[in-house]
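These are the residues of each chain, in order.
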Amino acid sequence: MQPFTTHTGVAVPLRRSNVDTDQIIPAVYLKRVARTGFEDGLFAAWRNDSTFVLNRPEYAEGSILVAGPDFGTGSSREHAVWALQNYGFRAVISSRFGDIFRGNSGKAGLLTAQVDQKVVQRIWDHLEDRPGATVSIDLETRTVKAGDGVDAIEDSFDIDDYTRWQLLEGLDDIDITLGHEDEVSSYEASRPSWKPVTA
Amino acid sequence: MGKTLSEKVWDEHVVRQAAGEPDLLYVDLHLVHEVTSPQAFEGLRLAGRPVRRPDLTVATEDHNVPTIDWDKPIADPVSRTQVETLRSNAAEFGVPLHQLGDADQGIVHIIGPQLGLTQPGMTIVCGDSHTSTHGAFGAIAFGIGTSQVEHVLATQTLPQAKPKTMAVTVEGELPDGVTAKDLVLTLIAHTGTGGGQGYIVEYRGEAIRNLSMEARMTICNMSIEWGAKAGLIAPDEKTFAYIEGRTHAPKGEDWDAAVAHWRTLVSDDDARFDKEIVLDASTMTPFVTWGTNPGQGVPLAASVPAPSDFEDADDATAAEKALEYMGLQAGTPMREIKVDTVFVGSCTNGRIEDLRAAAAVVEGRHVADGTRLLVVPGSARVRLQAEDEGLDVIFKEAGAEWRGAGCSMCLGMNPDQLEPGERSASTSNRNFEGRQGKGGRTHLVSPLVAAATAIRGTLSSPADL
Ligand code: SF4
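Residues numbered from 1 in each chain as written. Chains lettered and ligands numbered in written order. Predicted model: local features only at pLDDT ≥ 70, side-chain atom pairs only at ≥ 80, totals over all residues. Heavy atoms only, no water.

### As for the nonpolar core
And step 1. F43, F71 and L84 of chain A together with L373 and F395 of chain B are the most contacted members of the largest nonpolar core, which has 80 residues in total.
And step 2. Per-element accounting of this core gives the leading share, seven residues, to helix 16 (residues 447–456) of chain B.
And step 3. When residues of this core are assigned to domains, at least three fall in each of domain 1 (5–160) and domain 3 (289–464) of chain B.
And step 4. Beyond its immediate sequence surroundings of up to four residues, L373 of chain B is in contact with V342, V344, V362, V367, F395, A400, E401 and A454 of chain B.
And step 5. V27, A136, M217 and A234 of chain B belong to the second-largest nonpolar core, a separate cluster that totals 74 residues. (Core = buried A, V, L, I, M, F, W, Y, C linked by side-chain atoms within 4.5 Å. Buried < 20%, exposed > 50% of the residue type's maximum accessible area, 1.4 Å probe, protein only. Helix = DSSP H or I, 4+ residues; strand = E, 2+ residues; numbered from the N terminus. Domains from an automatic or database assignment. Contact = heavy atoms within 4.5 Å.)

### A word on the site of the ligand
Residues and elements named next belong to chain B.
And step 1. Residues in close proximity to the ligand include H63, I107, H109, D128, H130, S346, C347, C407, C410, L411, N429 and R435, which together make up its full environment.
And step 2. Among the detected pockets, the ligand sits in the largest cavity.
And step 3. Of the residues belonging to the shell around the ligand, the class tally is five nonpolar, five polar and two charged.
And step 4. When residues of the shell around the ligand are assigned to domains, at least three fall in each of domain 1 (5–160) and domain 3 (289–464). (Near = heavy atom within 4 Å. 1 Å grid on protein atoms, 1.4 Å probe; cavity = no way out; pocket = protein on both sides within 12 Å on 5 of 7 lines; lining within 4 Å. Sits in = over half its atoms within 2 Å of the grid points. Nonpolar A, V, L, I, M, F, W, Y, C, P; charged D, E, K, R; others polar.)

### Focus: the side chain of T57 of chain B
And step 1. As for its position among the elements, T57 of chain B is in strand 4 (residues 57–60).
And step 2. For T57 of chain B, a relative accessible area of 0% puts it in the buried group.
And step 3. A distance of 2.8 Å separates the side chain of T57 of chain B from the backbone oxygen of R53 of chain B, its partner in a polar contact.
And step 4. When sequence neighbours within four positions are dropped, the list of residues in contact with T57 of chain B reads T198 of chain A together with H30, V32, V51, V95, P96, L153 and Q156 of chain B. (Polar contact = N/O pair within 3.5 Å; in protein donor to acceptor, adjacent residues only side chain to side chain.)

### Here we look at a negative patch on the surface
Residues and elements named next belong to chain B.
And step 1. Negative charge collects at one region of the surface, where E311, D312, D314 and D315 lie side by side.
And step 2. Note that D312 resides in the loop between strand 14 (297–299) and helix 11 (313–326).
And step 3. Given the relative accessible area of 39%, D312 is considered partly exposed. (Patch = residues over 30% accessible without salt bridge, like charges linked within 9 Å, V, L, I, M, F, W, Y side chains within 5 Å. Areas by Shrake-Rupley, 256 points an atom, 1.4 Å probe, with all protein chains shown as cover. Salt bridge = Lys/Arg side-chain N within 4 Å of Asp/Glu carboxyl O. Lys, Arg positive; Asp, Glu negative; His and termini not counted. Charge placed at Lys NZ, Arg CZ, Asp CG, Glu CD.)

### Quick word on the sheet that holds strand 8 (residues 157–160) of chain B
And step 1. The three strands are arranged 1-2-8 (chain B) in an open sheet whose pairing can be described as antiparallel. Looking along the sheet, the strands with just one partner apiece sit at the ends: strand 1 (14–16) and strand 8 of chain B. The sheet shows a mean angle of 40 degrees between the axes of neighbouring strands, direction not considered.
And step 2. Taken together, the four bridges between strand 2 (residues 23–26) of chain B and strand 8 of chain B define a ladder with antiparallel strand orientation. The partner of L24 of chain B across the bridge, within strand 8 of chain B, is P159 of chain B.
And step 3. Along the sheet, helix 8 (residues 181–189) of chain A makes contact with strand 1, strand 2 and strand 8 of chain B, crossing strand 1 of chain B at roughly 150 degrees. (Pairing = 2+ DSSP bridges. Axes fitted to C-alpha atoms, helices over the stretch in contact; angles between N-to-C directions.)

### Quick notes on the layout of surface pockets
The gaps left among the atoms become clear once a water-sized probe is rolled over them.
And step 1. What the largest pocket holds in volume is close to 960 Å³.
And step 2. Forming the boundary of the largest pocket are 34 residues, of which D99, R102, G103 and D160 of chain A together with A161 of chain B lie nearest the centre.
And step 3. Those elements giving two or more residues to the lining of the largest pocket turn out to be helix 4 (99–108), strand 4 (111–114) and helix 6 (161–169) of chain A together with strand 7 (140–143) and strand 8 of chain B.
And step 4. Here the residues of the lining of the largest pocket sort into 10 nonpolar, 13 polar and 11 charged.
And step 5. Three or more residues apiece are contributed to the lining of the largest pocket by two domains, here domain 1 (5–160) and domain 2 (164–283) of chain B. (Points joined across faces, edges and corners; volume = space filled by probe spheres on them.)

### Things to note about the UniProt feature "binding site: [4Fe-4S] cluster" (unreviewed entry) in chain B
All names here are of chain B.
And step 1. Under the local residue numbering, the UniProt record ascribes the feature "binding site: [4Fe-4S] cluster" (unreviewed entry) to C347, C407 and C410. Judged by maximum C-alpha separation, these annotated positions cover 64 residues in sequence but sit close together in space, the widest gap being only 8.8 Å. Of the annotated positions named here, the largest cavity is lined by C347, C407 and C410.
And step 2. Residues within four places of C407 in sequence aside, it is in contact with D62, H63, I107 and F343.
And step 3. Relative to the elements of secondary structure, C410 occurs in the loop between strand 17 (401–402) and strand 18 (423–426).
And step 4. We classify C410 as buried; its relative accessible area is 6%.
And step 5. For C410, the contacting residues outside a window of four places in its chain are F343, S346, S428, N429, R435 and Q436. (UniProt positions renumbered as here; feature names shortened; annotations may be inferred.)

Right under this line is the structure:
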């Protein structure tokens, strides 16, 4: 996994709440057996609309998505995270994320920065006044920044310590767990014999 | 201080606990299907890792499979590749697989309980958000992403931060004709789609205790629709009776030991929940959705709301967008909404009891002109049982289409999809934009409302017939 420390990039204001994972990538796009190429399906239903924010040339280089509350609710499909990453997004800012989506993002290396909805609102306003403007995210200090001078927006964001550490280090969860192999084996030795097996 | 049910189950599965780290939980059962597993198996292959416990893992084909001509090769080449990839991965890694044509093939959340693999006090995961279904047995069961699927395949464990606990107590008795589906839709309309976020929820109270196991599964299934991490119900005699004798149920002395342990799986009287909600079942009525998330619902007897009915500005905007997408006018009585397709099936309502309920309504009647009724059993075994009971004949005589088992129109990954603008009444769990086919419009309903709607052609309950 690619470590994440800081990132500055074009931010895309997505003024919608409750963007579920079916909106991020509809089920018909989930049939691939590889991890790449899912950008085609990203926000598929909205991409036909020429006024949809991702279709505007100013946002062509977008790498930070700024979305309304409850982003990534619904289905567990990690393809939603891959679609965002395959498209070029490194981070999503929202005031509330679907649990499974947030977990998936951490594992796959997409930063989910949770800020107050008021901050989202200010960033939206800022970006809409200056389409193509950048936002900076610093995971070390857990801060997001946009604009400068008197209008500058700077606030801290929430992310749990463990995910932050993993993202900063670019660590693979499985390697960490395999390091505790002896604990797993001793747990297994103590499991009741009546627990079901599938084979 | 005592412990809640979910705390007891959680604590029994902690392999490792360390400050600043999530708990490392042992996974008792890992369910696998074709859509969210290929990249996980690929990851194992690249790293040269085996599946640690194939004997605690089981796979099935459900999301993609056709429900007609399922005995022939899958026509859609991309779906076929995905199913074939699962078959070769299962063979390579030694994972038991119930494939198309096998009596135990079916929707992953239907076959776990059906095989007796789902038992109280277990931890169960699957790359599918409706894994919460298995909570009906007093298990902690939740959906995971593909990276986590790979993690469980490789280690049989999962690092997880301990969620908060919530009790949803449903007092009183459900009136006749009001089902578990109505109850859970009412709950979600009450809490909103984010109301359960960060919690493991225990459903309890008289109304929950009175529900059958199948109805309890309907409730737990939809826990994720209000954002809960998982939902569970304390096991009782009904739970034990449901499990006893099934293929993977404990036998003989093992059964006695298991039941003795299962009886301890209740929240202690002095346990504290982080949050509590109390609802009264006796005031509930058939409930249907009008919008594009499961929280946008009203009683069937009500009318389509107006955006101005919502105090919260975001809710009002969401309502406006939903009404536009759904092609609905505020103020239209729900009962006057004309439906093109009725879908009975899914892991929410595709079990035998659901099919019986729907069949009882359509028996001796005929599906309305201009409406189609699609009945898709949740598993091959449910289909066989329904055919044994003659339910297929009742459905076919009423003009319904009787299909093979799978997810089907719940998410439209196979050919069973709505056309743009087409409206459905569906016993599934998600009315998201485009969920059942691009541009399709979904109303979530109970099996009873689905069946009555098929007969009248507009949203209805059996009482309207
Ligand atoms: S029936 Fe629907 S909700 Fe259930 S597992 Fe299949 S696609 Fe998911």
